[in-house]
Structure formats: structure tokens, C-alpha cells
Protein chains: 4
Amino acid sequence: MQIQSSKISDHNQRHKTQHNADLSYIYDRIEKKGLDPEEILQKVGDFQVAIPSWALGTGGTRFGRFPSGGEPRNLEEKIEDVGLLHALNRSSGAISLHIPWDIPKDYIAVSNLAKSLGLKFDAVNSNTFQDQLNQGLSYKFGSLCHTDASIRKQAVDHNKEVIDHGIKIGSKSITVWLSDGSNFPGQQNFRKALSHTLDSLREIYDHLPDDWQMFVEYKPFEPNFYSTVIPDWGTSFLLSSKLGLKAYSLVDLGHHLPNTNIEQIVATLMGEHKLGGFHFNDSKFADDDLTVGAIKPYQLFLIFNELIYGMEGENEGDPPIAWMIDASHNVKDPLEDLLQSVEAIKLSYAQALLVDRDKLEETRENNDVVAAQEILQDAYRTDVRALLTEARIRNAAAYDPVGLFRTLKLRERLMKERGSKTIATGL
Amino acid sequence: MQIQSSKISDHNQRHKTQHNADLSYIYDRIEKKGLDPEEILQKVGDFQVAIPSWALGTGGTRFGRFPSGGEPRNLEEKIEDVGLLHALNRSSGAISLHIPWDIPKDYIAVSNLAKSLGLKFDAVNSNTFQDQLNQGLSYKFGSLCHTDASIRKQAVDHNKEVIDHGIKIGSKSITVWLSDGSNFPGQQNFRKALSHTLDSLREIYDHLPDDWQMFVEYKPFEPNFYSTVIPDWGTSFLLSSKLGLKAYSLVDLGHHLPNTNIEQIVATLMGEHKLGGFHFNDSKFADDDLTVGAIKPYQLFLIFNELIYGMEGENEGDPPIAWMIDASHNVKDPLEDLLQSVEAIKLSYAQALLVDRDKLEETRENNDVVAAQEILQDAYRTDVRALLTEARIRNAAAYDPVGLFRTLKLRERLMKERGSKTIATGL
Amino acid sequence: MQIQSSKISDHNQRHKTQHNADLSYIYDRIEKKGLDPEEILQKVGDFQVAIPSWALGTGGTRFGRFPSGGEPRNLEEKIEDVGLLHALNRSSGAISLHIPWDIPKDYIAVSNLAKSLGLKFDAVNSNTFQDQLNQGLSYKFGSLCHTDASIRKQAVDHNKEVIDHGIKIGSKSITVWLSDGSNFPGQQNFRKALSHTLDSLREIYDHLPDDWQMFVEYKPFEPNFYSTVIPDWGTSFLLSSKLGLKAYSLVDLGHHLPNTNIEQIVATLMGEHKLGGFHFNDSKFADDDLTVGAIKPYQLFLIFNELIYGMEGENEGDPPIAWMIDASHNVKDPLEDLLQSVEAIKLSYAQALLVDRDKLEETRENNDVVAAQEILQDAYRTDVRALLTEARIRNAAAYDPVGLFRTLKLRERLMKERGSKTIATGL
Amino acid sequence: MQIQSSKISDHNQRHKTQHNADLSYIYDRIEKKGLDPEEILQKVGDFQVAIPSWALGTGGTRFGRFPSGGEPRNLEEKIEDVGLLHALNRSSGAISLHIPWDIPKDYIAVSNLAKSLGLKFDAVNSNTFQDQLNQGLSYKFGSLCHTDASIRKQAVDHNKEVIDHGIKIGSKSITVWLSDGSNFPGQQNFRKALSHTLDSLREIYDHLPDDWQMFVEYKPFEPNFYSTVIPDWGTSFLLSSKLGLKAYSLVDLGHHLPNTNIEQIVATLMGEHKLGGFHFNDSKFADDDLTVGAIKPYQLFLIFNELIYGMEGENEGDPPIAWMIDASHNVKDPLEDLLQSVEAIKLSYAQALLVDRDKLEETRENNDVVAAQEILQDAYRTDVRALLTEARIRNAAAYDPVGLFRTLKLRERLMKERGSKTIATGL
């Protein structure tokens, strides 16, 4: 299913007057700050966030899952869903595949489909946290860290295969997230588990093409509830440092202990040139996987403040960071939720672009704490929505993506097409 | 499947010499403290912990489940499993049913089976956190709190049915745990949701027989990740106070925010005569549902210290507290795990019975903090395992329940009997 | 020291053009939402936040204190400082005294001084968390909860005296914050401590004039690190319910365990008509006492969303809530920090006033989670600063309070007047 | 003040019969486990924990301090206090000095005094978290990280002086704990602050004698409440790795976010041969600095389980870890508290020595989670107090250190000697 471009332009036309007023006001404000609105607009418009293939269906918890309908039944339909999002916002121009859920049957057809929708293939993801049907050995007690060498080998081989699939589809990176860990004190030898993991990662790393990157994700708990092998940025950094120049750490916003200062971790990893990937979501308690910006929007702004500081400064020469949404949609329509998430990400990015960096550094040098806060909050409190809208309109996307999604009854049409009982692969 | 009693007595016989030495030593120590070991032994032997029917199979997380084999395929086999536990430790003499997973087909047969194994029926549990096949309306957005009166009615009716089943089977209480809540700011009107919940609970309460109790459970998050309708003891207490004398709060150890002082909550609820039920488990991060005593055994001891203070004091006339294990067994054999949990509970109970209460109150009155700590730690540091063993032996249970479970190859026998691919109902 | 009103009007004149453009834009937006900007402006302008007398000096931690200069040396100078704030923002029209730090020597003079600056006297605060010079008995082991009746009596008498001082100065409420608790398991008998506290509070309550209120504050830890006698809203509610109609709970934003949903507590307390007072600050880890809105501005908005729901609904007849800032200024100029705090509070209030309540309730009734979030975020993302500015200008306060504070070199003048080594009473 | 050795031997004589019975029982149990009780006894007896000079007085919080009496008035009296502890337990044979609080006036006299009491000088500690009287520049906005090079230099010079004092007194290491950080988003440039800190540490490192070590401590918050420059083990490890072979990380048990798995951090740092120092205390909420073992004794055991695994394995060749207590004594007699802490540390050590390591590794290799837990808990549940007592008695220390401290009325004697209003330097 695709959206006719005339539907979008009609929609945009209807909001033109209001939008022009809003845009003119924000342009004026930005210019008064001595910044160039066109430059900011360009950056905001260019910013693309990958959508993971598993986020297109209804998510669940251990207590159950309440599926809605019209979920994609196969890889092609997942790509089409991301195509819908991208048509609406021109900001979701990439899809991140998950193996074995998304093994293409026909690589060329799949590539062409993506290309026709303006989509690239972002990092591929391996899965050693579940047992697949007909899988030889079980990951119940771990994968890359397992005490049994044959299970480690099976997991390494799986990751190599994931890279091979990625090569064929045009990806340039692999994200390794491990659920490996332990539920009880005593269960695991921490040092051996970490050492096995490093050895396994080395084998996978050796399989990487020269122009690829490997992202090592960390997470403090769940689905293991006493320890995980890569619990924090420190361990991820230790591993990616030992692996080599193509290995990077990946930050998932939900993978931290309560009260962690994530923006500082971002700064430190960038300072070491080891920040490679980013998984966006939001959370109040644990890895809640909620819509980005739904709980702590100011934290997201502060993180972008660090990201921009690096990307427009000492990290300019680093490979671009891989941006992805990693959320679960238990009570919202997955596509609407993803539109909200992308909007929240780009709002934070735009706000952070408004920070007057020279003045900020000056207040910091003088330890003028009040003024430093004023500078950040002045940017954060600015209503930059019209900027995002303008970027969308210029790219032929919609004035109001969620609104148009509803007006066009896209979910109803998907349900009609795919049925109301479909369940997409995912969690 | 049942265990021949001669197997147990042979096993006990083999450890007799060692046990007698251990017992004699601990008797001596207890007497030197001016306490009566026989009295403590009696209490420890009498203490029974209910086993929930859903804890007999392998648990899982949203990321997957790794079933082991030999899981019970129906209610009768669940009762048999609890019977096995009880035969091994004579401390698990009750089973807690979960409706609709455990609706008896033949009440009399089921009752007789339980009776033959020395088991009682503890609190019955309702389930409005999942949609059942053929269920009319969905609980996706709540049950007793729902904005839609017809869904509230469906949930109320379900709870009434659960009570009716409970009456037929001989239970005397119902536990209401609600997953009701919201995932996003704005989603729910907090005040209306709480008010609806109170109204719904009132209807259920009115359906309670005179000699029944209702337990209102609280939990801060999961499966909802922004708010739950009954997030904390305060809300549970508010509800149970408004409901009436037959309503009580239920404390589940895993249902608290980080760093909560649970023992103080226990004391406060007992002070208000509103502590009705207790769900044992252990956790490091969230509602991890780990084996009792696996992470914070000292906290468990401190909780028992409060429980005993009440039960042997001002709460003597209150109805007995309903004790139950509520854990998930993702990487352990469920029966072995339950044996470990029961042991940990009774160890804490026994240690807390060793506290010299008069001396403790004296040090408190004098604010002699050092001495108060010494009294608690003296009890906690005492190795009371021989007391538990003696209580088991006197009740014809096993010297070493986990050891005997393994020696008799009970899991292997269950797998042979039931198959290695069975999956019990539960989470 | 006072600010000449011409200084303020000159300052405002300089920003007139910019302000008018901003105001006109926000008026337009608000009207398009179908709301009345004048009505919102009125409410924002009327909203007053009390300043506690102890917040006017540099705060510290157990590791040290780095005083700046020009701190008020006595009650009169504290009142003058609040007068300065109020002249700049016309939103800080009340001061909250702390006894014994702020016992007036001449009630009439002090009253007149306050009146001349447009200030009222908010809740008075007692102090039983420290020992004062020449105090008979020590609060080392508690005050209202103490095991020793004579210490409880001393603490009760102190609170009665605080009320008496408050009566003379024109306050109408007393805030009771207790540090009472314990540092070690075993130290305190939880139930006796709570019972003593209730008895003590009853004596104080009986001393309240008819038109007074008592606010019972809660806090989970610090300065006690194992338990506090009133750790959570549930315990505060329990006490205030037992005390009577003049007793209310008080919420301090920093007094919660990690991840607590504070807005829900606010809703529940308002639902029970027991929310009496509010202490604003912000925090990342514990009771950090940072500038309001500096860490979690969206949470503050969500809290105001609940407050307004009640105040403009079922709580309309309740006594007005007592608003106060309770922060510590370790690295900022205390007056600048307070200006930032007041601004952040009123921004959140104004944003929450923009929420379309009817639409919100409609989406809630329909469980349209996406739309509910859009409604809240639409309000939150609106830049309402010009509204606050307009309210200030109409009230003869400053366009930019912090900016004018600096332009007029008020701190330098205070240092000249009072010296650079003065240390105000406080923490 | 010193304790006559006859007082101790009389005391021990009185408990001889009971002790012999207890000892004989535990010996028997240990032998049945196939371990050598004499070997364990030797290790337990040899284990020494340093006492910091600032822990000998009453601690406080930002809300106040309730001093008891008889606190040491100078360095000599602090050394005498540690001498008292060591006489009572022969396990506190070292003192850790804090500069500038403890600058010796006469190095030789002080050395001789320590030697006469059997004490060594452990790591010296610098202080750049407070401003001292007559200090040139302020640390209000940081020290080693400061934006101002002259303040960094002052802080570096101070640390060099601390090393110089340490050399004269016979220390072999310096602990650097920094309070450097920020209270507000925007205040600090994270990357510059970390970079300045590294540069400053390098200068201090270059001043280290060849046989010295430097310990880099980390802490997530307090006294800064938004960020600290060295918040976690990852940052500490990053710094100590860059500094060189003489730099190590130091773990303070209270310096972690909620729910952190500290034992895993210990294992990882030992795996990298970068664990240098250890600060013992206990906590429930934050850096509560409570008596060791008072809140989470099982966690302490699990940490020792990792420590022993390393120390008796691959870390055998590493320099010995520097053990120190770092607690605050707000409501207990500091000396009694320290005796309780040392006892708790050595209990955990002794219990962890009882772990059957070969069997544990075997269960781990087989992923027999139940058995692994049984092995740890079997050790933990063993009552090893008689072993500690025997070690003390053999070393001419007291059967019951706290008991004897009270019987001999040591505090009363100290108060008589030093006065009841003395306040020792410290927090």
C-alpha cells in the first residue's frame, strides 16, 4: 500500500496559512539569536532515523500481548510500512533488519522495493536471545558467553550469517545485543563469561568487511535479573576497545540503571571516538520501550546537546552515528507511535541546534551556572515545531503525519488488506 | 506420581549422625539464649507456604521462554507436583489456584486428590490482565478501572466467578492483582480510574461469603510502564479501608520501587490490622520473581522480624496471614526452585524467632543502636538449618529435599510420564 | 535595599517591541485553540509562590559550603530579599518563616516591612531536626517520635510556640517536617515510633486556631538512612486522616524514591481532599534541592496538569494549596536561582492551562492513547514565555528578572551593604 | 589511653568454655567440607582493615551533627583510638590519614606512636572538596577539573604535598577522591572536565615514587547532584588505564547507582588487574556510609567471593588491595561502630573462604544453577563467628570486642580524658 502524493499535497495546502505564520515567527526568532534558520532547516530535514523491522507490530510483555490488526505478515510488508512512515515524514529513510525474522527470499526484489520507497538498509541485528525452531543447541544459558564451546560456535556462526545477509542487502553494520547473563548469584563465572564473549566477538569481528562497523550494545538487566555480561557502557567500551577500530559502543536509552546521567556517557564515548549507534525510546522504570520523548523530553534534548557538540566539533571525522528507534508498542498503533517518536527525536535535535555554543562555552569557562542554564533552557523552551513542518513540506512529506495517517484511514486499509488478526514477528 | 515414604526414611537414616550433632549444637545455643528450642521447632514445623499453580512450569520473559520438560499438563498434575513438594518438606501444604487456568472439572475428585496429599486450597486468583480465547471484551486498556462500564462489568463478573469456584473447592480468600494502569502520560484519568476500581471492588466485595477475605495487591509498574491504578501500599490501604473489614492489603516483595523499606510497610499495615496476604520472591532490579532469599536474605529476616512482632503481639487476634510464593522459574527446575524458596522463608522465620524481643525493646527504649543491631545480627548469623531439618524429619519429610529430589530422579520420572515438551499454563 | 520602579519600567521599555511581537503570536495561537488568552494571563499573573527564609543564603552539603556574599544577616534582610524578588517578578509575594531561625523581635515592625513590600506570611516551619544552643534535650534520636516522653513534650511545645509566632505574624498554617527515623535495622520500633508521632501531632493539632491548617510532610530518607517515621504519602495521609479536617499532606518534589509517579500521588491526595502544601525543587538522584525545572520540566508540567484538573474541578472548594520553593543554592546566587525557579513553576502552570481538557477527557474515554499524548505535548511544546512576561509587565515587574538583577548589579550592592562574608541561617 | 593486656586475657578466660564448644563445632563442620580450618583461621587472622582518621569522630549530615564526647582532638589521639580498636580486635592494624586534617607535626614521634600500637600507615587522602582557611583559590567549581588552570595547579600541588607527607610517614599509596562535577545541565563541559582531570592526574602520577600506587575513586553523585567527573567504574578505569601501571581504580561500596551489581564490577576490574583499593560501608539509599554489613550482608559476601576468586587465582601476583572502612557514625559511638564494621567484613571474608571453588566451577560449567546457589548459600549460612573469635584470641585480642569496650567503660574514660565537647576533624 502506498500513499498518493496528491493526498499529501492537498493536506499540506489546507494548513498553508497557519504554517506560514508559524514559520515566519520562528524564522524571526532564530535570526534574532544570530543563527541561520535555513542552515538549521537543512540539518533537520536531512536527519534520518532507522525503523527496526520488529517495531511494526504490536509489542507485548511477559503478561500478555493485545494485538491490533493490519500488522505486516512478511518482510515486504514491513518494508512497505516503513515506506508509509517515510512518505509521511521523510525522516524514516532506513530499515533495520532482524535475523532470522527478516531473511529475504529474494534479495534483489527486496532491494528494489526498498529503493522504490526511498529506504536504505541500516544495521542488521542478530538474535541469540531466543531459541528458534529446529535450532541445534539452546541459548537458555547464554550464547557468545556460554560455557559450552559448541554453543558459542553456533552463536558466532549465526552472527556471521547475519553479516552475510547484511552484505547482500547493502547494510554496513551489525548490532550485537546479547541477553547473556545470569539470574542468580553463583550461576555464572563473571570473568570467564566476559572472556568467552570477547573471544566470540573477535571471531565475528574478523568476519566484518572492511567498510563495516560492529556495535556492541549494553544493558544492565532483563531478561536476566542478576547480571548481564555487558551491563554498562564501561564493559561495552572495554570490549569495543579490545576488538579494534571497527567496533563501537551502542547506547540504548532504556538500558541504564535508575538516575544514570546518559548525556555524560554519550559525551565520554564520543570523547573516546567510540560511539557508534543509538537506540531511541523512553522509559520511567526500566527498559520500558515507550515512545521517544514521552517521559523525559529534556533528557533527550541534553543528549542531543552532547551529540551536536561532538558531531560539529572533534567528532566531525568519525563515521556517522547509526540512529534507530527501538521501542515496543503495546497500547498504541505501531505506525502512529513511530511517527510520534521520530517527531520527538527531531524536535530535540532542532532545539539543541539552537543552543548558542560560543556563549555556552563562555559561561562555562566563567562558571556562570545561572547563565549556562538560561542558554540551554532558552533553546529548549523554543517552539520549533514549525521548523520540522517546513522541512517535511519541502521534502514532500506531510504537515501533520499522525493527522494524515488518520484522515486517510491507513490502519483501516491495512487491516482490510492484511486482515485484523495478523501478528508481526517481534517481541 | 508420589514418593514412597520408605525412600524418605532411608534418606533420613543416612544423615542421622550428622544431623544429630548439628541439632544438639543448635539446641544448646538456643537454650543458652534463654529460649525454648522445642517451642521454636514447633512453630517452624507448623509454618506452611502456599504454592501457586502457575509456578510449577518454566517461566519466561517478553524475550522468550526456555521450557524444560515434565511440566504439569492439567490441574491434577499441578496438585500432584505440590504434593511432591509437600512430601519432601511438609511445608508446602497448600495450593493457590488461578482462574481460568485451573478451573476444576470435577470438584470432588480434585478435593480428594488434594486431601490425599495433605494439601489445602489457599486464596484463589483472578486474571484480568490477559484476554482469554472467546472472551467478549478486551482488557487491553484495563479491567476494573476501565472507562467502559461493560468491560468493568465483565471483569467484576469474572472475579465473582472466581469466588464461586473458590467456594466449591474450599478456599477462603481471593487475591485481586490488577495490571490496570497506563503506559503514557495523559492516557488515563488517575482519579476516575481509581474511583472506577473502588466501585468494581465493592461489587466483588459484596459477593464475598462472610468467612472470606479479599486481598488487594499493589505494584508500581509492569506490565504498565507509566502508572498503575494501585501502585503502592498507600493506595491499597486506601481501597481496603474503604471496602470494609474483610478487605486487606497484600504485600508482594517484588512490587516496590528501588530502595523501599518493605519491613516498615509490613509494620505499618499490621499496625492498622490490614495486612492480609504475602507473596514471597526476591529481586534485584524490578519484579524479577527470583527464588526467595537469593538476593536479599537479610531483608527477608527483617520482614519476619516485623511479622513475628505483630503475630505474637497486638495482631494475635487478626486472621492468619496468607503466605504464598510468587516467583518465576526461567533457568531452574521449578520444583527445585520452590524447595529452595520454602527453605529460605523458613530459615528467615526461624532466625527471627531467635530475636530476644524484650532485650531488643529495652535497647530501643534506650536508643542503644549498637546493641539493637547486635541483637538482630546475633539471631541472623545463627545457623538454624538443623532446626528446619529436625522439623522436617519429625513430620516425615526429607533431611535434604533438593538432594532427595535429585537422587530419586523425580524430574526424569516426570518427563517420562508427561513428556519433555509439555508447557504448563502460566507466564 | 529596594529597586526603583523607574529602573524596571525603563528596562521593560527597552524590550517592548520584541515583547509585543512575541505576545501577539502566542495570543493568536491560544485563540486558535479556542481558549481565552486573557483568562490564562490572569491566572498566571495571580499565581504566587512563597519563598522560604532559609533559601536566601548559600546552601551546602555534608562535605562543605562555599558561601558567596551579601547574604541576609537577619529576618529583616531576609524579608527585604524576598521583596527584591517580588519587585522583579511579582510572583513571590509571600515568605515562609523558620523557627527558631526567624523569630521576630518586633512583630509590628516586621509585619509592616513585609506589607510595604507586598509580602504575606506563608506557613511557618518548625525545626526539631537540629539541636539549638541551650536546648534542654537532644533530638539526636528523634523528636515527636522519641521513646522518651519528655523529649516528645519538648518537641510538641516547640511546635506550639511556632504556631504562636505564626499567629502573631499573620500566618495561617504550620508545616511539620520531621527528620525522625533510624539509621539501622533494629534501632527503632516502627509501630511505636509512628504511634508516638501521631500522639504528638494530635497535641500540636489541638493547639491550631480554627482557621489554621497543618501540613504533614513526608520523606523517604536523609538525614536518616534506614527508615523515616513518615516515609511516603501513604503514611502522611494516614496521619492527616486521623488528625482531622485541618490536617493535610504536603508534597515535596524531592522526597520520593527513584521513579515515583509523583503526579499520580498528587491526583490521589486531591481525590481525597488531603493535599495541603507543595514544596517545589528538582532533583536527579535524591533530595538534591536543585532549581525547579532544571532536571525534569515535563514532570512538573504533568504535576500541574493534575493540580489544575483538581483546582478547576472537584477541589474548587478546598482551601488553596500552599505553594513554596524548597531548594538549596550551592553553586548559584540564591536570588537568581529563586527567580529561575519561580519562572519554571509558572511556565509549567501556563502550559498546563493550555491543555484542552474536554478533548483530553474524550480521548481518555476512548482510550485513544496517541491523541491523549498529542494533546498534552501540544500544550507542553508551546512557548508560553511571552505570557509570563506580559503578566509581569502588567504587574509592574520586569521583562527579564534575572537580566535586570544583573544589570542593576543587585548582588554587588548587597555585598557592599552587608559584607561579603555574611552567612545566612539555614542549611 | 591503652588497654591493659590482662584485662583482655581475663575477659577471654571468662568465655573460654563457650568458645571452645563453638570452635570445636565449626572446626568439625569445616573439616567435613574437606577444608582445612587452620588455613582459613590463618587467613582470617591476617586480614587487616585500615581505619580512616576521619571516622573516629561523630559524623553528620547537611541537616546537622549530634556529637557525642571523647572524640580525638589531634592526630596523636586519632592514632590512639585506632590503637584501641586494634588492641581489641587485632584486625585494624592500619590508619589512613587525611591531609590537611592530619599533618603530623613530628613525623618521628607519630611513627613511633603508631609502631608502638602495631599500626601501619595506609593510603593517604587528599582533600580538594572543601576550602581550607587561608586557601588561595576556591574549589567551589571543582579542583583537578577546573576551567581555571591556576586552580587546577593549586589542587595538583596539594596532591603532591599529600604524597610528600605520605612518604615521610611510610605510606605507599594515595587515594584521590574528587567531588568535582556539576549541579545543573549545561554547567560543565563534560569532555573538557574529564580531559583536565586526566591532565591533572598525570601530573600527580608523575610525582609518585616508584613503589607507590594511586587509587582513582569514582562516585555518581553528592556533593554534586547532576554529574560528577568520575561517576562510575568505567570512567575510573579509563583514567587509570591512561595513567599507567601504578594507577588503579578504587571501589567504595556506597558509590553506585541503585541496584548496581558491585560484585561484577569487582570481578571485571580484577580481570583487568586494575582493582587497587576498597572502601567498606553499607547503604540503603545513597552514600549512606552506614556500618558495614548492616543493610546488605549477602552482597558483601558475594563481593568477597569475587575477591577471593581473584586473589587466590589470577590476581595472586597483583599488589595487595588496600582495604579501608569509609563510614560515618551519626548515631553510634564511632569506635563501637568500627568494631562492628570490622567484624562484618571478616565474617564475610571467612564465609567466602568456605566456598568450595572446584565444585562451584563444576556446577557453573554444567549450568546447574540450583547447585551453584546451594554452594554459595551453604557457605553464607554457616556461622563462622567462632573462627573470628579464635583468630582474635590467638592474637591476644578480645573474645567480644564491643562487649569489652563497654565493660571497660572506654568511652567514659576517653570523655574524662578529652572532654565531652570535643569534635574531631571530619565530616
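These figures come from a predicted structure and were not determined experimentally.

Undergrad: Any chance you could break down the interface of chain A and chain D for me, citing the residues and the numbers?
TA: Every contact between the two is made by 53 residues of chain A and, on the other side, 53 residues of chain D. Here chain A meets chain D over a buried area of about 4,600 Å², counting both sides, of which 54% is carbon and sulfur. Across the chain A-chain D interface, the total number found is 6 salt bridges. Here A:Glu314 makes a salt bridge to D:Arg191, at a shortest N to O gap of 3.6 Å. Contributing elements (two or more residues each) for the side of chain A that touches chain D: α7 (190–206), β10 (227–228), α8 (233–243), α9 (262–271), α10 (297–311), α12 (357–365) and α13 (369–380) of chain A. In terms of residue class, the side of chain A that touches chain D is made up of 22 nonpolar, 20 polar and 11 charged.

Undergrad: Account for unusual backbone geometry, with residues named and values stated.
TA: Cis rather than trans, the peptide bond between A:Glu222 and A:Pro223 has omega equal to 10°. Each neighbour pair has its own omega, and for B:Ile99 with B:Pro100 the value is 15°, a cis peptide bond. Mapped onto the elements, B:Pro100 comes out in the loop between β4 (94–96) and α5 (107–116). Positive phi values are uncommon outside glycine, yet B:Asp289 reaches one of about 55°. Of note, B:Asp289 is situated in the loop between β12 (275–280) and α10 (297–311). A relative accessible area of 5% means that B:Asp289 is categorised as buried.

Undergrad: Please give an account of the relation of the copies chain A and chain C that cites residues and values.
TA: Superposition record for chain A on chain C: RMSD 0.0 Å, screw rotation 180°, translation along axis 0.0 Å. The relationship between the two copies is best expressed as a two-fold rotation axis. No C-alpha of chain A approaches the rotation axis more nearly than that of A:Asp383, which lies at 2.7 Å. An overlap of 100% is found between the interface residues of chain A and their copies at the interface of chain C, pointing to a shared contact surface.

Undergrad: Tell me about the sheet that holds strand β13 (residues 322–325) of chain A, residues and numbers included.
TA: Residues and elements named next belong to chain A. Pairing in this open sheet of 6 strands is parallel, and the strands run β6-β7-β9-β11-β12-β13 from one edge to the other. Two strands bound the open sheet, and with one partner strand each, they are β6 (124–125) and β13. Where strand β12 (residues 275–280) meets β13, 4 bridges bridge the pair, whose relative direction is parallel. Looking at β13, one finds that glycine 277 is bridged to alanine 322. Running at roughly 155° to β12, α9 makes contact with β11 (247–252) and β12 of the sheet.

Undergrad: Just give me the short version of the packing of helix α7 (residues 190–206) of chain B against helix α8 (residues 233–243) of chain B, but keep the residues and values in it.
TA: Residues and elements named next belong to chain B. α8 packs onto α7 with a crossing angle of 45° between their chain directions and a minimal axis gap of 10 Å. Classified by the angle between their axes, α7 and α8 sit oblique to one another. In terms of crossing hand, the pair formed by α7 and α8 is right-handed. For the pair α7 and α8, contact is made by Leu194, Leu198, Leu201, Arg202 and Tyr205 and by Thr235, Leu238, Leu239, Lys242 and Leu243, respectively.

Undergrad: Residue-level account of helix α1 (residues 5–14) of chain D, with values.
TA: Residue and element names in this part refer to chain D. Regarding α1, the residues found buried are Ile8, His11 and Asn12. Buried residues along α1 cover an arc of 95° about the axis, so they all sit on one side. Counted as exposed and oriented over 90 degrees from the buried face of α1: Gln13 and Arg14. Buried residues in α1 make contact with α2 (16–32), α4 (75–89), α14 (385–394) and α15 (401–407).

Undergrad: How would you summarise the packing of aromatic side chains if you had to cite specific residues and measurements?
TA: Under the counting rule described, the total for this entry stands at 79 aromatic pairs over all chains. With 5.8 Å between their ring centres and 55° between their planes, A:Phe278 and A:Trp323 make a pair best called tilted. Within this pair, whereas A:Phe278 is found in strand β12, its partner A:Trp323 is found in strand β13, the two being separated by 45 residues in sequence. For the pair formed by A:Phe278 and A:Trp323, the shared burial category is buried. Between D:Phe129 and D:Trp177, the aromatic rings sit 5.1 Å apart at their centres with planes inclined by 55°, giving tilted as the arrangement. In this pair, D:Phe129 sits in the loop between β6 (124–125) and α6 (149–169) while D:Trp177 sits in the loop between β7 (173–176) and β8 (181–182), placing the two residues 48 residues apart along the sequence. According to the relative accessible area criterion, D:Phe129 is buried, its value standing at 6%. Overall, D:Trp177 belongs to the buried group, its relative accessible area being 11%. Through pairs of rings, three or more aromatic residues link up here, namely A:Phe47, A:Phe278, A:Phe280, A:Phe304, A:Trp323 and A:Tyr349.

Criteria and thresholds
- The numbering scheme is per chain: residues are counted from 1 as the chain's sequence reads.
- Labels follow written order: the first chain is A, the first ligand is 1, and so on.
- The predicted origin of the model limits local features to residues at a pLDDT of at least 70 and limits the giving and counting of side-chain atom pairs to 80 or more, whereas totals for whole chains, interfaces and linings rest on all residues.
- Neither water nor hydrogens contribute to the side-chain values; these are computed over all heavy atoms in the structure.
- What makes two residues a contact is simply this: any of their non-hydrogen atoms within 4.5 Å.
- Values labelled buried area give the accessible surface lost by two parts on being combined, using a 1.4 Å probe and summing over both.
- By salt bridge we mean one thing: a side-chain nitrogen of Lys or Arg within 4 Å of a carboxyl oxygen of Asp or Glu.
- Helix numbering and strand numbering both begin at the N terminus, where a helix is a DSSP run of H or I of at least 4 residues and a strand a DSSP run of E of at least 2.
- Each residue receives one of three labels: charged for Asp, Glu, Lys and Arg, nonpolar for Ala, Val, Leu, Ile, Met, Phe, Trp, Tyr, Cys and Pro, and polar for the others, Gly being one of them.
- Exposure is judged per residue with a 1.4 Å probe applied to protein chains only, and the accessible area is read against the type maximum: over 50% gives exposed, under 20% gives buried, and values in between give partly exposed.
- When the copies are superposed, the least-squares fit draws on C-alpha atoms of residues that have pLDDT of at least 70 in both.
- A pair of strands is treated as paired once DSSP finds two or more bridges between them.
- All axes are obtained by fitting lines to C-alpha atoms, using only the stretch in contact for helices, and the reported angles, taken between N-to-C directions, cover 0 to 180 degrees.
- If an angle is under 35 degrees, it is roughly parallel; if it is over 145, roughly antiparallel; if it lies from 65 to 115, roughly perpendicular; otherwise it is oblique.
- Crossing handedness is read from the near helix: turned anticlockwise from the far helix by less than a right angle, it gives a left-handed crossing, and turned clockwise, a right-handed one.
- As used here, the arc belongs to the directions running from the helix axis to the C-beta atoms.
- A pair of Phe, Tyr and Trp rings is counted when the ring centres sit within 6.5 Å of each other, with Trp represented by its six-membered ring. The angle between the planes then sorts it: under 30 degrees is stacked, over 60 is edge-to-face, the rest tilted.

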